[in-house]
Amino acid sequence: MKKLSTLLLVFALTIIASGISKPALAQGGTGRLPITYYWIGGTAVNSFSSASKWNTQLDGLGTSRTLAGALPDDILIVDGTNIGGTTPTTGIVTGTVSSNTIGQLKLQNNANLVLQRAAAAGGSGTLTIAGDLTPAPDFVIGAGCSLTLNSPTVDGNVNIALDVAATGLVNGTITLTNTGTHRITSQIVEGLVFASGSTFNSDGTGASGYPLGSSSQTVNNGVVFQSGSNLVMTGSRSPFGGSSSTQSCEMQSGSNFYVKTSNNLANGTFTSGKAFGNLFIQNNSTFTCDGAISKIENLTIDQGCTMVSHTSGSTPMLGNLVVNGTLNAPAGSTNQLVMGGSTPQTISGGGTIDMPTFVVANGSDVALSKSISISVGSSILGKLTFGGTSQITGPGTFSSRVANTAATVTGNTTAGSYQVTGVVGTISGNTGLAITGAGLSSNTVVLGSSSGNAYFNLSKPATATATGVTLDFISDSATLVTSNPNGMDSMTGSVIVTGLKSFQSGTNYIINAATSAPFGINSAPSSAAIIGNATLNAPVTTNYNVRVRGVLALNSGNFTIRPVDTVRIFSGYSIAGGPFSSSKYIVTQAAGANVGFLRIDNFTTEKLFPVGTATNFLPVTLIPTSTMNFSVGVFEGVTTDATPNGAAFTTAQKANIVDAVWAVRRNGGTGDCNVNVGWTNNLEGSVFSTYMNSEIGLSRHNGTDWGVVYGSGNNTTNIASATDTSFGAFSVGQLGFVLPLEFKNIAVSIKSTGVEISWNVLNESAIKSYIVERSNNSLSFSTIGTLTASNKNTYVLLDAARLNGTVYYRIKMIGLNGSVKYSNLIAVKQGTNVEVSVYPNPVSRTLFVTGLPSTSTIKITNSKGQAILERKISANSYGMNVSDLNTGLYVIEVFNNENQRIISRTFVKE
């Protein structure tokens, strides 16, 4: 009413400035003040202007009206407690209207008034409410009161016209019924207000005219429906008029528009540029849109009803969408269903939604409780929750969007308006994006735009009026939430559109049901799914390699990484949901030779990798001395080659160890890192469980053999640790124990009787025999002899054959369980002037020196010149175990028995 007061004040000042006094205007020149009358004509049909039916007292004992028709400022009250005057009566007042003007009309105390034309009168009878210049309303329908305009076409039409000085307030009900073209008009913006609880029933079945006037009969938004008021359309004529640029009535937030009959697009404009509060399609009606809608708060389509969107533009929703009937679009339409609310929204119902485009705007939170079909495309910028088995289907595309923008434009804002007009610049791809600029509230989004860039619609009204405002557009990260057991499976999951799918890098996920397809996979091939935050509220298994650019939160159940997948936590992000335990951790699944990996990038302080197998929690904690990247996987069942499908340890071997392998790979960084592993009691060997804390540590597999157990441990808290610069597969055992047999110091010497092959072994256990094989090309080998394992440290075998050129030897170990393991190759060349060779370079495990004289000395020094190793050799070829050397550059020198240096070479220890 503030706007009305302002307008009336301006009008009053205009009159005063013109020299006309209010009394003179109000009295029509009669010199008397307005008189208040009560209707005392009873329930019989009477002329509404009949002087004898108006009395200054409710009981009829006052003065009757005189000078009928000459006093446009008179006030008439219809009071429901007595409409009979001296004969107290209640009921419906029925009055016939010709063309009359009164100052004010008020219905109170449950009064019921019917206005109609006289029988066969034809034409239109207009009751003009002249009003006065006070803020108080002049046309009042009190709570519990009703006004009905009712005439058949043959009798004519009834109009109520609020003049330029008149305002109205409706708390009761106004009904336009029968077949006449009745209407109520207002000449002031928001001059007629329907308050909360009021109802306007718009039959409007006449051949012409509109229930609330046309653009030439009512000012734009001359009638306003406030929150809680009701506009009910039971006729085919539009209550909004016949012009797409003029809206006879304004539907404010929280108002209700009920469509109870199918509309006819020949009978006015219904949706073009219109803004609705709550919209209800009922009574088996079909509501067809004649243009793009500015906004809808809540939309409910009852069973048997249909809403047909426009061919273009948007159907923007700020509240809930309930479809028990049908929501669809004409063939070839590009209309967008836009969910753009700033509070949580739902899409539900048992009906059908089949739209061209579906948009969840930036910052919007939408729960999809039913499936929808999309023919063109889906664009998710906010949060979309798929409930149960609800899906997005159809031939359209799907895109979850992250950090999208659009070109900056300028435009004009009007305080209280949901539109930006006068746009300069190109509006393209703005729908659903957040919009910022002077005079706009935070978290405002674009709901749609007009063709030709004339304007675009907002989710919130502007807070200020300004021209040429610079407007920018951006989006945050989409969030997809699913409780579908099929997750994001492209055939059976939450999104099964047949068009292209694009889950943009940084999309957030919340998984609320156990699934093996948690993350969306793009139609275009990529190496991994790059996601933002991932919140797991149920057991989940990966369906792809995953790169996490946010927080990975494990809130319930295990997160299983498939054997072929890696989950990578990018620099600066973390794993949340701790503390982790046997009921909640990350499973690194193993199959064949593969194991899943958890990778964490660029950490400089202690980092927990909460990993385990399907049955046991086997965490790893890494403490780096500088910035490092690591990948960690774990599997049960120690094997000779440290792979999941390698030859398994024997029962005797497992007695001294923890039966698990932790694969720890450094992907970046240098220097020392402390490795800590944890295990469960059920994986401990029978002997291992008896070891003291000081007797256990880690063993590392160097790619060829398991090394000696080193480091420290605690057999009470089940933790073992060691600091190293080399990484790979780790297991836990007794300090000094080798996992399992390790070939050491393989040597080949040329003797007068042939070639002697010797080798040392450590911790021989469950070995059946050793087979020595020979080759002249290092590719095909033949057996030259077999020795039975006899728990000796050194074995020797003589090859009596003499071959020219280079000859290669290797040793084949046969386990009691039939497992096979080979040593590295060692070569020897017979003849004079044989050149000394050192290989491989770089080396990780065994460094071979060939072409040695019969007696020599080998010395190794580090880059600082410090002696690391010195050994006298009585062989022509020798294999030296250097796995215990730190990573770096070294020098190897060979001296003959006269201490003359034969060679000096550098090599790199990996």
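Per chain, residue numbering runs from 1 following the sequence as it is written. Local features in a predicted model are, by the rule used here, given only for residues with pLDDT of at least 70; side-chain atom pairs are given and counted only at 80 or more, and totals for whole chains, interfaces and linings are based on all residues. To obtain the side-chain values, all non-hydrogen atoms of the structure were included, while hydrogens and water were left out.

A. Broad picture of the overall build of the protein. Only DSSP runs of H or I covering at least 4 residues are called helices, and only runs of E covering at least 2 are called strands; the numbering of each starts at the N terminus. In terms of helices and strands, the protein carries 3 helices and 81 strands. Against the compact-globule benchmark of 29 Å for 910 residues, the protein has a radius of gyration of 45 Å, which places it well outside the compact range. If you line up the protein on its principal axes, its C-alpha atoms span 150 × 50 × 50 Å. Looking at the protein alone, contacts between residues at least 24 apart form 60% of all its contacts between residues at least 6 apart. Just to be clear, the radius of gyration here is over C-alpha atoms, and the globule rule we use is 2.2 Å times residues to the power 0.38. Two residues qualify as a contact provided that any one of their heavy atoms is within 4.5 Å of a heavy atom in the partner residue.

B. Main features of the nonpolar core. With 134 residues, the main nonpolar core has Met307, Phe358, Leu552 and Trp662 as its most contacted residues. Beyond its immediate sequence surroundings of up to four residues, methionine 307 is in contact with Leu279, Ile281, Phe287, Cys289, Ile293, Ile296, Leu299, Ile301, Thr315, Thr326, Leu327 and Asn328. Among the buried residues, those of types Ala, Val, Leu, Ile, Met, Phe, Trp, Tyr and Cys that are joined through side-chain atoms within 4.5 Å form a nonpolar core. The classification of residues rests on relative accessible area computed with a 1.4 Å probe and restricted to protein chains. Under 20% of the type maximum is buried, over 50% is exposed, and intermediate values are partly exposed. In terms of nonpolar packing, the next biggest core, distinct from the first, is built from 22 residues, Val409, Ile427, Leu433 and Val446 among them.

C. Molecular detail of the packing of aromatic side chains. Pairing of aromatic side chains requires ring centres within 6.5 Å, counting the rings of Phe and Tyr and the six-membered ring of Trp. Pairs whose planes differ by under 30 degrees are stacked, by over 60 edge-to-face, and all others tilted. With the rule as written, the count across this model stands at 26 aromatic pairs. For the ring pair phenylalanine 603 and phenylalanine 609, a centre distance of 6.1 Å and an interplane angle of 65 degrees mean the geometry is edge-to-face. Assessed through its relative accessible area of 4%, phenylalanine 603 is described here as buried. The interplanar angle of 50 degrees and the centroid separation of 4.8 Å between the aromatic rings of tyrosine 770 and tyrosine 795 together place this pair among those described as tilted. Taken together, the residues span a long stretch of sequence, with tyrosine 770 in strand β69 (residues 767-775) and tyrosine 795 in strand β71 (residues 794-799) at a distance of 25 residues. There is no split in this pair, since tyrosine 770 and tyrosine 795 are both buried. Taken together, Phe240, Phe257, Phe270, Phe276 and Phe287 form an aromatic cluster joined through their ring pairs.

D. Main features of the side chain of serine 877. Looking at the secondary structure, you find serine 877 in strand β79 (residues 877-881). Beyond its immediate stretch of four places on either side in the chain, serine 877 contacts Ile746, Ala747, Val748, Ile826, Ala827, Val828, Val849, Thr850 and Gly851.

E. The sheet that holds strand β80 (residues 888-896), seen in detail. For two strands to be treated as a pair, DSSP must find at least two bridges joining them. The strand order across the open sheet built from 4 strands is β78-β77-β80-β81, with neighbouring strands paired in antiparallel fashion. Each edge of the sheet is formed by a strand with only one pairing partner; in this case those strands are β78 (867-873) and β81 (901-909). Each adjacent strand pair in this sheet contributes to an overall mean axis angle of 15 degrees, direction not counted. Direction of pairing for strand β77 (residues 856-862) relative to β80: antiparallel, over a ladder of 7 bridges. Looking at the pairing, asparagine 862 lines up with tyrosine 890 of β80. With axes taken as lines fitted to C-alpha atoms, and helix axes fitted only over the stretch in contact, angles between N-to-C directions fall between 0 and 180 degrees.

F. Representation of the pattern of salt bridges in the model. A side-chain nitrogen of Lys or Arg and a carboxyl oxygen of Asp or Glu constitute a salt bridge if their distance falls within 4 Å. Evaluated as defined, the whole model comprises 10 salt bridges. Residue aspartate 799 is joined to arginine 774 by a salt bridge in which the shortest nitrogen-to-oxygen separation is 2.7 Å. Separated by 25 residues along the polypeptide, aspartate 799 in strand β71 and arginine 774 in strand β69 bring together distant segments of the chain. Judged by its relative accessible area of 17%, arginine 774 is buried. Members of the salt-bridge network, linked through shared partners, are Arg568, Arg599 and Asp601.

G. Spotlight on the pairing of strand β51 (residues 566-569). Of the two faces of β51, the one holding Val567 and Ile569 is buried and the one holding Thr566 and Arg568 is not buried anywhere. Alignment of strand β48 (residues 546-548) against β51, held across 3 bridges, turns out to be parallel. When the bridges of β51 are listed, valine 546 appears paired with valine 567. Note: β51 against strand β56 (residues 597-603), 4 bridges, orientation parallel. Within β56, the position partnered with threonine 566 by the bridge is phenylalanine 597.

H. Main features of the environment of alanine 462. Of note, alanine 462 is situated in the loop between β41 (455-458) and β42 (466-474). Taking the relative accessible area as the measure of exposure, alanine 462 reaches 5% and is therefore buried. The spacing of alanine 462 and valine 546 is 84 residues in sequence and 42 Å in space, taken between C-alpha atoms.

I. View of the sheet that holds strand β9 (residues 124-129). Strand order in this open sheet of 4 strands is β6-β9-β12-β15, and the pairing throughout is parallel. Among the strands making up the open sheet, the edge pair consists of β6 (99-102) and β15 (183-186). Going from strand to strand, the sheet's axes swing by 15 degrees on average, the running direction of each strand aside. Sheet topology places β9 next to strand β12 (residues 157-162); 6 bridges connect them, and they run parallel. Note on β12: the bridge partner recorded for threonine 126 is asparagine 159.

J. Examining the pairing of strand β11 (residues 146-150) more closely. Burial analysis of β11 places 4 of its 5 residues in the buried class, the great majority of the element. For strand β8 (residues 112-116) and β11, the ladder comprises 4 bridges, and the chain directions are parallel. The residue of β11 that forms the bridge with leucine 113 is leucine 147.

K. Region of the structure containing the side chain of serine 238. Residue position: serine 238 is located in the loop between β19 (230-233) and β20 (249-251). Given a relative accessible area of 0%, serine 238 falls into the buried group. Polar contact is the term for a pair of N or O atoms within 3.5 Å; when the atoms are in protein, one must be able to donate a hydrogen and the other to accept it, and sequence-neighboring residues count only if both atoms are side-chain atoms. Among the polar contacts made by the side chain of serine 238, one reaches the main-chain amide nitrogen of phenylalanine 240 at a distance of 3.0 Å. Those residues in contact with serine 238 that lie beyond four places of it in its chain are Tyr210, Pro211, Asn267, Gly268, Thr269 and Phe270.

L. Region of interest: unusual backbone geometry. Of the consecutive residues glycine 578 and proline 579, the connecting peptide bond is found in the cis state with omega at 5 degrees. A positive phi angle, near 60 degrees, is found at asparagine 110, a position not held by glycine. Checked against the element boundaries, asparagine 110 lands in the loop between β7 (104-108) and β8. Its identity is not glycine, yet asparagine 284 carries a phi of approximately 60 degrees, on the positive side. Counting through the fold element by element, asparagine 284 comes out in the loop between β22 (278-281) and β23 (286-288). Overall, the relative accessible area of 56% leaves asparagine 284 in the exposed class.

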